[in-house]
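Observations on the model geometry
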There are 2 protein chains.
Amino acid sequence: MSEESRSRSTSKSPLFTKEGEPNGCVMAVTNSNGVVQALLTDLYQITMAYAYWKSGKMDEPAVFDLYFRKNPFQGEFTIFAGLEECVKLLQTFHFSESDVAYLKSVLPATTDPGFFTYLRTLSAKEITLSAIPEGDVVFPKVPLITVTGPLAVAQLLETPLLNLVNYASLVATNAARFRLAAGPEKILLEFGLRRAQGPDGGLSASRYCYLGGFDGSSNVLAGKMFGIPVKGTHAHAYVTSFVSLDEIQDKMLTTVDGQKEVDFVSLCKKYSLELAEVLDYLPDQIMEGELAAFLSYAKAFPQSFLALIDTYDVIKSGLPNFCAVAMALSDLGYRPQGVRLDSGDLSYLSNYVHSKFCKVAAKYNLPWFEKMTIVASNDINEETIHSLNQQGHTISCYGIGTHLVTCQKQPALGCVFKLVEVNGKARIKLSEDVEKVTVPGKKNVFRLYGTDGTALVDLLQQVSEPPPKKGQRVLCRHPIQESKRAYVIPAEVKCLHEVYWEKGEVRKPLPTLTELRAKASESLAALRQDHKRTLNPTPYKVSVSSALYTFIHELWLESAPIGELS
Amino acid sequence: MSEESRSRSTSKSPLFTKEGEPNGCVMAVTNSNGVVQALLTDLYQITMAYAYWKSGKMDEPAVFDLYFRKNPFQGEFTIFAGLEECVKLLQTFHFSESDVAYLKSVLPATTDPGFFTYLRTLSAKEITLSAIPEGDVVFPKVPLITVTGPLAVAQLLETPLLNLVNYASLVATNAARFRLAAGPEKILLEFGLRRAQGPDGGLSASRYCYLGGFDGSSNVLAGKMFGIPVKGTHAHAYVTSFVSLDEIQDKMLTTVDGQKEVDFVSLCKKYSLELAEVLDYLPDQIMEGELAAFLSYAKAFPQSFLALIDTYDVIKSGLPNFCAVAMALSDLGYRPQGVRLDSGDLSYLSNYVHSKFCKVAAKYNLPWFEKMTIVASNDINEETIHSLNQQGHTISCYGIGTHLVTCQKQPALGCVFKLVEVNGKARIKLSEDVEKVTVPGKKNVFRLYGTDGTALVDLLQQVSEPPPKKGQRVLCRHPIQESKRAYVIPAEVKCLHEVYWEKGEVRKPLPTLTELRAKASESLAALRQDHKRTLNPTPYKVSVSSALYTFIHELWLESAPIGELS
């Protein structure tokens, strides 16, 4: 393409705004209630809305399905998240005067002014949103959300709904996978704020990692906004900011019972010498600045002292310094919490640290000393945890950042929003890739359970069909492959979709984040183990009824041009 | 770890907030001016601030460097972005009454109340921030930002500064790499909103992809907020929402000169039959709904008609329908824009489409017909573009989403924020991995240029050293490896850091986004080609002065315990 033609197509297109300065207003992505704005959308939603309006089709009743085609992380399950934010979007969905003014500047000058009047009146009042409950375990091709309502409004919701569901579900699933890898006993903390996609990326990460099974986050604003437990100790900078014990201005610390003031610095020094033999280190090789840092930190947090011990050398300095301060705290009646390791061989170091804790425990008859927390936090991913489990370790808590929040293994969940019905007529979207062909028409979704309470299969039906009944045989068919069929006799049948928004009102109470977290955990528990394993998990089956199978394939043939051999 | 001990360490730790409900307020991540809140930080920054305060060290003058250790995407350059947001953070940095109340609920009950009084008074007034200009090309180990000021305040800035720089620089660099792959002539559009990390992740992506060299975005809110050109056409849903030409209520379209109303539907039908021979298709195999959709879309956007042609079958239906509508528009004096391909073999299909455009151009003597835009938008990454270039194609515009905004190839840039000096004394952070050892002390950063205007090397010096002079020999040393040294005679010397924030005021005008975009492009142009190539690029050298080399290694030996052979 020549320079000339490029500048032509750029300048000629009325769909390009003028480059350069913003529209005279600084704004946030959300309104003052933290809800996403209607304008957070792709321009083609607006141009389509105009073309629908111009064609008189804007109010035709339409049905869109929001779903994904493949589970993330080479796994066979996904945790559905983001629904509450979707419902809140509907509550406030509208275009402000300044939005409309901006859109006027973007659309061609020939745009019918009536369209802007129409935009000003838009709301989600006539939209019905049904969905699988947030926190539920979900599978490919099953509509997570179904949006019913006027074609143009439903279409306009596509981008914000996808934005709100895609990352939320991806990161909740990632968190759930870390939980499965670590086991139910370990404490998992999300430490990803600094590596997330901007400020809100960090907040979403904290919120949905908690939903997916984490115990807390380092993100303070997430704690304030969502009630997530927040956790943290100190960084290497705190340690390197001290060079000598002389920096400790106030050497005293009061005992836990408040009865006595003790020279805490001298006590720590005493233990620093005394422990050398127990722990086998050279007292002249410990870093005095690190001891000063630990000691001062312990004075600030005597009830919850946890130190980062790898600034200089874990074995020669960090661990000895921690143990000296911990013993001094113990003498004053406090119970220190433990250590954090942020580098090195975590299996070896955690076992080393634990073995030394055991020695101190034995020497001073302090059984709790060997039970102290060992936090690990160095670039940990799911595989690291599996590998640590294989090698053996004594880590009791993981702090996980980058790999968790960026979902390094697969940083996007491919949710799509597809039109399946207009004016009561089903629509299909074909593709060279048969897996991408949509399941047309409005559907009901059922989950069939076996006698042991585990989920057997998800079944999509046309809405006109009677629902499957427990104890009665149901034919479940693969949506594409003719020969793949199975009879199922469900011990229990659950209709997965519930109406969350209708006639301008929220129709279901929205659970708290803690309730959603419990839901995710229960829902995963009802999934057979082989669907959840890391290596070659068994795909969970998503099927269609016999009637829906026939319907799909008839519509498919109607909509596909006949090929020619040549 | 037993269930008992886990519940103990969770409930006992005063650093855990109560689980469950948020703090009674719904809020946005940014304030009403779109600036990040001080509370968007890791809890350990707060606990460290308390420990600094408690130790009386909070006001000690400190210096922190923000830098990364490795260029992303197996490349050898990075575009620095996010600085404007960092400066704005400093302008508004404070803890509100409700922030302080929340922090009270999180910190141990024993926390000295004086600390909360102190928190209320905090601002960034005593902070000095110097930085490399935003948009500049930058390299590992070079401080992008240096923060000088009271230890506790500088420390508190760590997390938000990292959050604002890490993703911004990563995605701007990714965008620049796509630009290098596509070449300067192609139009690059960011389509990633639906796959980004939540709402703000999408906004950050749009903003910094534009900075990195993209031409526009689909994100309407980004257009409104940042003045980024917004672009878009229609989705598959628009096409599948039509089944028949009977749905076109108003069949008329006015000619471009406004002189005449023409039956546009009949004209399109005429061309649909007439073109069958020119383009070699079967008129009975085209999808009538698709023709109706294109036609109605053209009526809405006659000046900028661009159609998505792969809903059913590009060759048998999409392209024929587009050409029929395009010819009809042409008869009325309009100039259609082109087509979008969202699936299939993009090399083959773009060439096929272009060849058919050429046939129509020849048949009707309309030279512009063969120059129409071909947009490609199917899950494109950097490698796809290189591969398309090898195969040959006629794509003139790429719409890029997932791989661009999630930075699939490497979803995090590992910027760190390290303490390098306190009270005028340099600090070092050691590591088992020598590449992770920090460069201690406050430094000046220079870029040395060759006679051809390309950048030769970046040089870090101690602030006490005289700056290098052009035309004079300078010894540049590898910071770690003793034998790696080189003499450089720079033709030009640039001091990279400028002061952006000092004494509570912004000290440099902050460039507009368009200016930053030009800066990034110029800065990359001054980088030698071999640093920018995809395969095995040459690392750009970052060196230290002889004096700094000696200083690093002396401090290193002082701070490292001596090992024992055993």
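Residues numbered from 1 in each chain as written. Chains lettered and ligands numbered in written order. Predicted model: local features only at pLDDT ≥ 70, side-chain atom pairs only at ≥ 80, totals over all residues. Heavy atoms only, no water.

**Here's the deal with the sheet that holds strand E12 (residues 373–376) of chain B**
Residues and elements named next belong to chain B. Pairing in this open sheet of 6 strands is parallel, and the strands run E7-E6-E13-E12-E11-E10 from one edge to the other. Pairing within the sheet leaves two strands with one partner each, and these edge strands are strand E7 (216–217) and strand E10 (306–308). Inspection of the sheet shows strand E6 (residues 187–190) paired to E7 by 2 bridges, in the parallel sense. If you follow Glu190 over to E7, its bridge partner there is Ser217. (Pairing = 2+ DSSP bridges. Helix = DSSP H or I, 4+ residues; strand = E, 2+ residues; numbered from the N terminus.)

**A short note on the environment of Val434(B)**
Residues and elements named next belong to chain B. Counting through the fold element by element, Val434 comes out in the loop between strand E15 (425–426) and strand E16 (443–449). A sequence separation of 338 residues divides Val434 from Ser96, and the C-alpha atoms of the two residues are 41 Å apart. Setting aside its immediate chain neighbours within four residues, Val434 contacts Ile480 and Trp556. (Contact = heavy atoms within 4.5 Å.)

**Thoughts on the packing of helix H12 (residues 288–300) of chain B against helix H13 (residues 314–331) of chain B**
Residues and elements named next belong to chain B. The N-to-C vectors of H12 and H13 enclose an angle of 35 degrees; their axes lie 9 Å apart at closest approach. Of the two elements, H12 crosses H13, and the hand of that crossing is right-handed. Seen from H12, the contacting residues are Glu290, Leu291, Phe294, Leu295 and Ala298; seen from H13, they are Ser317, Gly318, Asn321, Phe322, Val325 and Leu329. Residues that form the contact of H12 with H13 fall into these classes: 7 nonpolar, 3 polar and 1 charged. (Axes fitted to C-alpha atoms, helices over the stretch in contact; angles between N-to-C directions. Left-handed = near helix turned anticlockwise from the far one by under 90°. Nonpolar A, V, L, I, M, F, W, Y, C, P; charged D, E, K, R; others polar.)

**So, the relation of the copies chain B and chain A**
Of the two same-sequence chains, chain B is brought onto chain A (RMSD 0.0 Å, axial shift 0.0 Å) by a rotation of 180 degrees. What we have between these two chains is a two-fold relation. A share of 100% of interface residues in chain B that are also interface residues in chain A marks the association as one of identical surfaces. (Least-squares fit on C-alpha atoms with pLDDT ≥ 70 in both.)

**A few points about the packing of aromatic side chains**
Residues and elements named next belong to chain A. This model, assessed by the stated rule, comprises 44 aromatic pairs over all chains. With a centroid separation of 6.4 Å and an interplanar angle of 35 degrees, the aromatic rings of Trp53 and Tyr118 are classed as tilted. Of this pair, Trp53 sits in helix H2 (residues 43–54) while Tyr118 sits in helix H5 (residues 113–121), placing them 65 residues apart in sequence. Note on accessibility: Trp53 and Tyr118 belong to one class, buried. Taking the centre distance of 6.4 Å and the plane angle of 65 degrees together, the rings of Phe294 and Phe305 count as edge-to-face. One end of the pair, Phe294, is in helix H12 (residues 288–300); the other, Phe305, is in the loop between H12 and strand E10 (306–308), and 11 residues separate them in sequence. (Phe/Tyr/Trp six-rings, centres within 6.5 Å; stacked < 30°, edge-to-face > 60°. Buried < 20%, exposed > 50% of the residue type's maximum accessible area, 1.4 Å probe, protein only.)

**Notes on the interface of chain B and chain A**
On the chain A side, the residues contacting the 162 residues of chain B number 162 residues. Buried area between chain B and chain A, summed over both chains or domains, comes out near 13,800 Å², and the portion from carbon and sulfur atoms is 57%. The tally of links between chain B and chain A comes to 8 salt bridges. At the boundary of chain B with chain A, the tally comes to 43 residue pairs in polar contact (both at pLDDT 80 or more). Taken together, the residues that form the side of chain B that touches chain A break down as 68 nonpolar, 57 polar and 37 charged. (Buried area = accessible area lost by both parts, 1.4 Å probe. Salt bridge = Lys/Arg side-chain N within 4 Å of Asp/Glu carboxyl O. Polar contact = N/O pair within 3.5 Å; in protein donor to acceptor, adjacent residues only side chain to side chain.)

**Here's the deal with the pattern of salt bridges**
One pass over the structure, following the stated rule, counts 48 salt bridges over all chains. Between Asp313(A) and Lys316(A) there is a salt bridge; the shortest N-O distance is 3.3 Å. Take Lys316(A): its relative accessible area is 23%, and that puts it in the partly exposed class. A salt bridge links Glu498(B) to Lys508(B); its shortest N-O distance comes to 2.6 Å. Of this pair, Glu498(B) sits in strand E21 (residues 498–502) while Lys508(B) is found in the loop between strand E22 (505–506) and helix H17 (513–525), placing the two residues 10 residues apart along the sequence. A residue is classified by how much of its surface remains accessible, and Glu498(B), at 26% relative accessible area, is partly exposed. Residue classification places Lys508(B) among the partly exposed residues on the basis of a relative accessible area of 29%. Several salt bridges share partner residues, and in doing so they unite Glu84(A), Glu85(A), Lys88(A) and Arg207(A) into one network.

**Looking at the domain arrangement of chain A**
Domain parsing of chain A yields domain 1 (3–178 + 410–559) and domain 2 (233–372 + 386–392). Look at where the C-alpha atoms of domain 1 of chain A and domain 2 of chain A centre, and you get two points 52 Å apart. (Domains from an automatic or database assignment.)

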